[in-house]
There are 2 protein chains.
Amino acid sequence: MTLLEQSLRRRSVRQYSGREVTDELLSSLLEAASHTQTMGNLQLYSVIITRDKAMKQALSPLHFDQPMVIGAPVVLTVCADYNRTTRWCEERKAEPGYDNFLSFLNAAIDALLFTQTFCCLAEEAGLGLCYLGTTVYQPEKIIETLRLPRLVMPLATLTLGWPAEEPPVSDRLPLSAFVHREAYRDYTPSLIDSLYAQKEALPENKHFVELNQKETLAQVFTDIRYTRRDNEQMSEGFLKALRRQGFL
Amino acid sequence: MTLLEQSLRRRSVRQYSGREVTDELLSSLLEAASHTQTMGNLQLYSVIITRDKAMKQALSPLHFDQPMVIGAPVVLTVCADYNRTTRWCEERKAEPGYDNFLSFLNAAIDALLFTQTFCCLAEEAGLGLCYLGTTVYQPEKIIETLRLPRLVMPLATLTLGWPAEEPPVSDRLPLSAFVHREAYRDYTPSLIDSLYAQKEALPENKHFVELNQKETLAQVFTDIRYTRRDNEQMSEGFLKALRRQGFL
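J.: What exactly am I supposed to notice about the pairing of strand 3 (residues 128-132) of chain A here?
T.: Within a regular strand, the side chains alternate between the two sheet faces. Residue and element names in this part refer to chain A. Most of strand 3 sits inside the fold, with five of its five residues counted as buried. Burial along strand 3 is two-sided: Gly-128, Cys-130 and Leu-132 facing one way and Leu-129 and Tyr-131 facing the other are all buried. As defined by bridge partners, strand 3 adjoins strand 4 (residues 152-161) across five bridges and the pair is classed as antiparallel. Paired with Tyr-131 across the two strands is Leu-158, which belongs to strand 4.

J.: Please clarify how the relation of the copies chain A and chain B should be interpreted in this entry.
T.: Least-squares fitting of chain A to chain B yields an RMSD of 0.0 Å, with the superposition described by an axial translation of 0.0 Å and a rotation of 180°. Both copies of the chain, as the preceding transformation shows, are related through a two-fold rotation axis. Residue by residue, 100% of the interface of chain A is reproduced at the interface of chain B, so both copies engage with the same surface.

J.: Quick question: what am I supposed to make of the sheet that holds strand 3 of chain A here?
T.: Where strands meet in a sheet, backbone hydrogen bonds hold them as pairs that are either parallel or antiparallel. Reading across from one edge, 3(A)-4(A)-2(A)-1(A)-5(B) is the order of the five strands in this open sheet, with mixed pairing throughout. In this open sheet, the two strands that pair with only one neighbour each are strand 3 of chain A together with strand 5 (179-181) of chain B. Taken over all neighbouring pairs, the strand axes of this sheet differ in orientation by 25° on average, direction set aside. As defined by bridge partners, strand 2 (residues 74-81) of chain A adjoins strand 4 of chain A across eight bridges and the pair is classed as antiparallel. Pairing of A:Leu76 across the sheet is with A:Leu158, part of strand 4 of chain A. Across the sheet, helix 6 (residues 101-124) of chain A is in contact with strand 1 (45-50), strand 2, strand 3 and strand 4 of chain A; its angle to strand 4 of chain A comes to roughly 5°.

J.: Quick question: what am I supposed to make of the environment of B:Met68 here?
T.: Residue and element names in this part refer to chain B. With respect to the helices, strands and loops of the structure, Met-68 is situated in helix 4 (residues 68-71). Judged by relative accessible area, which is 4%, Met-68 ranks as buried. The sequence separation of Met-68 and Pro-163 amounts to 95 residues, and the corresponding C-alpha distance is 12 Å. Excluding residues that lie within four positions of it along the chain, Met-68 makes contacts with Arg-14, Tyr-16, Cys-130, Leu-132 and Thr-159.

Each value, and the rule that gives it
- Throughout, a residue's number is its position along its own chain's written sequence, starting from 1.
- Naming scheme: in the order in which they are written, chains are lettered from A and ligands are numbered from 1.
- For a predicted model such as this one, the threshold for reporting local features is a pLDDT of at least 70, and the threshold for listing and counting side-chain atom pairs is 80 or more; totals across whole chains, interfaces and linings nevertheless cover every residue.
- Calculation of side-chain values draws on the structure's entire complement of heavy atoms; hydrogens and water are dropped beforehand.
- Under the scheme applied here, a residue whose accessible area is under 20% of the maximum for its type counts as buried, over 50% as exposed, and between as partly exposed, the area being computed with a 1.4 Å probe on protein chains only.
- Elements are defined by DSSP. Helices are runs of H or I of four residues or more, strands are runs of E of two residues or more, and each kind is numbered from the N terminus.
- Two strands pair under a simple rule: DSSP has to find at least two bridges between them.
- Copy-to-copy superposition: least squares on the C-alpha atoms, limited to residues that have pLDDT of at least 70 in both copies.
- Here, two residues are considered to be in contact whenever any of their heavy atoms come within 4.5 Å of each other.
- Fitting a line to C-alpha atoms yields each axis, with helices limited to the stretch in contact; the angle taken between N-to-C directions then spans 0 to 180 degrees.

So, to be careful, I would describe these as geometric facts and stop short of saying anything about function.
This is the structure in structure tokens:
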């Protein structure tokens, strides 16, 4: 199967079989992913591999007790990392200047591009995975648990294992919803209607609205899943962690 | 060729043949990439396709006149985008709360994961590309040129075309440089020495040090390529653009 075919069938996998994910396989995937483009060839990221049960139990509440953290044979936490490069500079009579926001951003870009190549590679190998966006919600506690030093910020968590379920493929917006030619053309109300019509008409989304006793699908997002209050609180938490780690 | 084999041979391509990149091919790659995992299925990104020569000329200085911008048949600018979702909420009696830093971060993650799936897909199709990290260096001017509205931030630029060169594969640090087990173990001076020995011994890197009249390779990064002064200035510029776009 080509990556194109694989991508069209892509879905998150949250239930894993008891089959082991060997160190050998994991290493070969991480090594191949490390050929992803990176700023100045510096590879501004680190990966923490969690296999230990006690460590999974410590991470689990930091991801709102999503059962994949304990249920997966392997959990990976990918971090933006300017610590290693800074240490290298200090050992080589060079004065590093990477304790600032742009350097966080550069390292975050490296970390996320690496993460996604890894995801594509893991899925090609037949593994199933789930990307946990919760990593950026409570970074300070993850920093403590994984003992991340200054200039290292956790960004992405993957739960990984051999699939024990075959979930359906999620819906996607049409190409015209996110592609612009030459310049951004903003969205009119009628364009919004046509771009979101299919998503809103899906039985599972209609069910989702009913279940949450809301009037529209958008309200499920604004009132329950991603509320202003949570976003503002977690913004403060992330910025505080950025300062603590020396990036702000 | 599998993605694993492709990844091990991966290199950036900066010179492109005159052969056209058809809209049909580009659309099929963008559509497949849109199946990448995304926060709450919201697809918090937009892509601006630049084919117009005048637009390339306008973008070129914003990427420090790297010749790929004008030389490539297609330039893509991938943006973190909470504007479309916000418009949708407004049309659906839902009160969006996405004008904050966490929402920028969530959209940036979506945009970068999407970008990297696209890169893997484009390379599988035989295209060559170069990722321009300069997108985050002068975002305000890119925002103006591409007319990006509030809650849209440019993050990644790709120059794309059929390869007219076969550059060598870049060196990478050993796996043990960026993989940690269970918790982060910080780097001792002797570990730094062993992890960077191969990189520092490469003839091209030794040449690079001589060319720049420096004592160590690390000094080329700290004193010339990524200096404290530039990083601090560009941090201010990026944060200013984040405020302008309503994310801070």
